[in-house]
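A look at the structure
Listed here are the chains, written in short residue letters.
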Amino acid sequence: MATLTRIQPRALVRASGGPRYAVALAVDALGTGLLRPFLLLYGVTVLGLSAPVTGTAMTAGIVSGLVCMPAVGRWLDSGARSTVVAASMLVRVLGVALLLAAPAGHVGLFAAAALFLGIGNQAWPAAHAALVATVAHGRERDTALAGARALRNAALGVGALLATVCMAGGTTALRGLAAVTALAYVAAAALAWSVHVHAHPAQAAPAGDRDDEPAPRMLALLAANVVYVFCLNVPEIALPLVLVTQLHASPVWPAAVFVANTALVVTLQVPVTVLMSRFSRRTVLALSGVVLAASYLGFLAATPLGHGWSVPAVAAVSVVCTIGEIIYAGSATALVTALAPAHVLGRALTRFQLSTGFGLAVSPAVITALAPHGPAALWGSLAGATLLSASAVATEKDHGTRTSGFRPRERAGV
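Here is a short report on the structure shown in this document. None of these values were measured; they are calculated from a predicted model. (Residues numbered from 1 in each chain as written. Predicted model: local features only at pLDDT ≥ 70, side-chain atom pairs only at ≥ 80, totals over all residues. Heavy atoms only, no water.)

Taken as a whole and judged by the stated rule, the model has eight salt bridges. In this structure, the salt-bridge partner of R347 is D77, at a minimum N-O distance of 2.6 Å. You can see R347 sitting in helix α17 (residues 345-370) and its partner D77 sitting in helix α5 (residues 69-77), a full 270 residues away along the chain. Classification of D77 by relative accessible area gives buried; the value is 11%. The residue D142 makes a salt bridge to R281 at a minimum N-O spacing of 2.7 Å. Taken together, the residues span a long stretch of sequence, with D142 in helix α8 (residues 138-166) and R281 in helix α15 (residues 281-302) at a distance of 139 residues. Both residues of the pair, D142 and R281, count as buried. It is possible to trace a salt-bridge network through shared partners that takes in R139, R141, D142 and R281. (Salt bridge = Lys/Arg side-chain N within 4 Å of Asp/Glu carboxyl O. Helix = DSSP H or I, 4+ residues; strand = E, 2+ residues; numbered from the N terminus. Buried < 20%, exposed > 50% of the residue type's maximum accessible area, 1.4 Å probe, protein only.)

Here the focus is the nonpolar core. Counting residues in hydrophobic clusters, the biggest one holds 76 residues, and the most contacted among them are Y296, F299 and W379. If you tally residues by element for this core, the top one is helix α16 (residues 307-339), at eleven residues. In contact with F299, other than residues within four places in its own chain, are V234, L239, V314, V317, S318, C321 and W379. In this structure, L39, Y42, L47 and A178 belong to the second largest nonpolar core, which totals 23 residues. (Core = buried A, V, L, I, M, F, W, Y, C linked by side-chain atoms within 4.5 Å. Contact = heavy atoms within 4.5 Å.)

A word on the packing of helix α12 (residues 219-228) against α17. At their nearest, the axes of α12 and α17 sit 7 Å apart, and the two run at 30° to each other. Here α17 runs roughly parallel to α12, going by the angle between their axes. Helix-helix and strand crossings are classified by hand; for α12 and α17 the assignment is right-handed. Contacts between α12 and α17 pair L222, N225 and V226 from the former with R351, F352, S355, T356, F358 and G359 from the latter. By residue class, the composition of the contact of α12 with α17 is four nonpolar, four polar and one charged. (Axes fitted to C-alpha atoms, helices over the stretch in contact; angles between N-to-C directions. Parallel < 35°, antiparallel > 145°, perpendicular 65-115°, else oblique. Left-handed = near helix turned anticlockwise from the far one by under 90°. Nonpolar A, V, L, I, M, F, W, Y, C, P; charged D, E, K, R; others polar.)

Here R152 shows up in helix α8. Contacts of R152, omitting those with residues within four sequence positions, involve L25, D28, A29, T32, R92 and W124.

Inspection of the secondary structure assignment puts T386 in helix α18 (residues 375-395). If we ignore the near neighbours within four places in the chain, the residues touching T386 are V227, G289, L292, A293 and Y296.

Before going further, it helps to spend a moment on the packing of aromatic side chains. Scanning the entire structure with this criterion turns up three aromatic pairs. Aromatic side chains Y228 and Y328 sit 5.4 Å apart centroid to centroid with 15° between the ring planes, which places their arrangement in the stacked category. One end of the pair, Y228, is in helix α12; the other, Y328, is in helix α16, with 100 residues separating them in the sequence. Each member of the pair Y228 and Y328 is classed as buried. Taking 6.0 Å as the distance between ring centres and 25° as the angle between the ring planes, the aromatic pair formed by Y296 and W379 counts as stacked. Here W379 lies in helix α18 and Y296 lies in helix α15, a separation of 83 residues in the sequence. One aromatic cluster is present, formed by Y296, F299 and W379 through successive ring pairs. (Phe/Tyr/Trp six-rings, centres within 6.5 Å; stacked < 30°, edge-to-face > 60°.)

What follows is the structure, encoded as structure tokens:
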């Protein structure tokens, strides 16, 4: 099994879609970082909607966006790559435009804006992964996906920081942030489209494979992924809930945990993915579940230590949780791209994104429902479910798929 031992920045950028595409990713993430953390505040502060109504509209937008994923998968399997990425960015421009056009108290336009933002946010990961899988192969592809995630997290962080600074301007600043976000999405879409990456399905696999090799079902992997993605909401939802409402810590602590999480992802995502390349992707994904479950048990053990020790102990354990997240993110999508035959790659990736989106949508409700029942209910349940998921991933058989064979894909215009 070939592994990567060194990180070569130029090769990494090339494998990720080229310099223009890397800039597109950064600009898109910067725009998302400007708006995403304050979308709820926009509905409440600028439009004067109640928090429950605003939150419900946002959730409905995310869930409705998932409905479009099968169509995105079919579009990708027709050979489109950079066009779908650009479209996922442009549809969010429409969402931002609806935000700016919505008058105070108009929940309908806010819900429509959340819908188009949700469609773009759900379609982008699958489209991006398909594009990278078209220009890179094997472990180079895995590292390219990891590099793109690190770049995206860095730009998201910068965008959120800029938005925080601008918040002092009140509603005018929020409208300004929305307008800048729209411009960022337009610029990113133009850059992404300009790379002109397209796959030719007729040449993507031998005729026999195209006729009788269906999209892999991956039932255990998809079900496990719903549980795995809870880790993405631990630093944003679970830890602030525990630290502030249960341990009565200063809000500085969850903010510090979130900053540390972002910094670790940015700095370690690529090196850890390269380090793990010596093992099979399925083994690495199962290992990430074990690490995440261990971190949940660490939170369970840290919570009762008392105020003087519990808060720093929870913060320390969050580093282990972030390592688990990094291992998970570096192996999950890579495993799907390795399992899927080339001619159904889009459908396989959109199925995976459906499981990711569903897990992200339900995890806040599950976490907030379990937390009032005590640390054992929250962290014990998460640890048990994650260990079961890791076991399912490790034991699932790859029927009808090729986990290591080379599948040539078109590499046009890059």
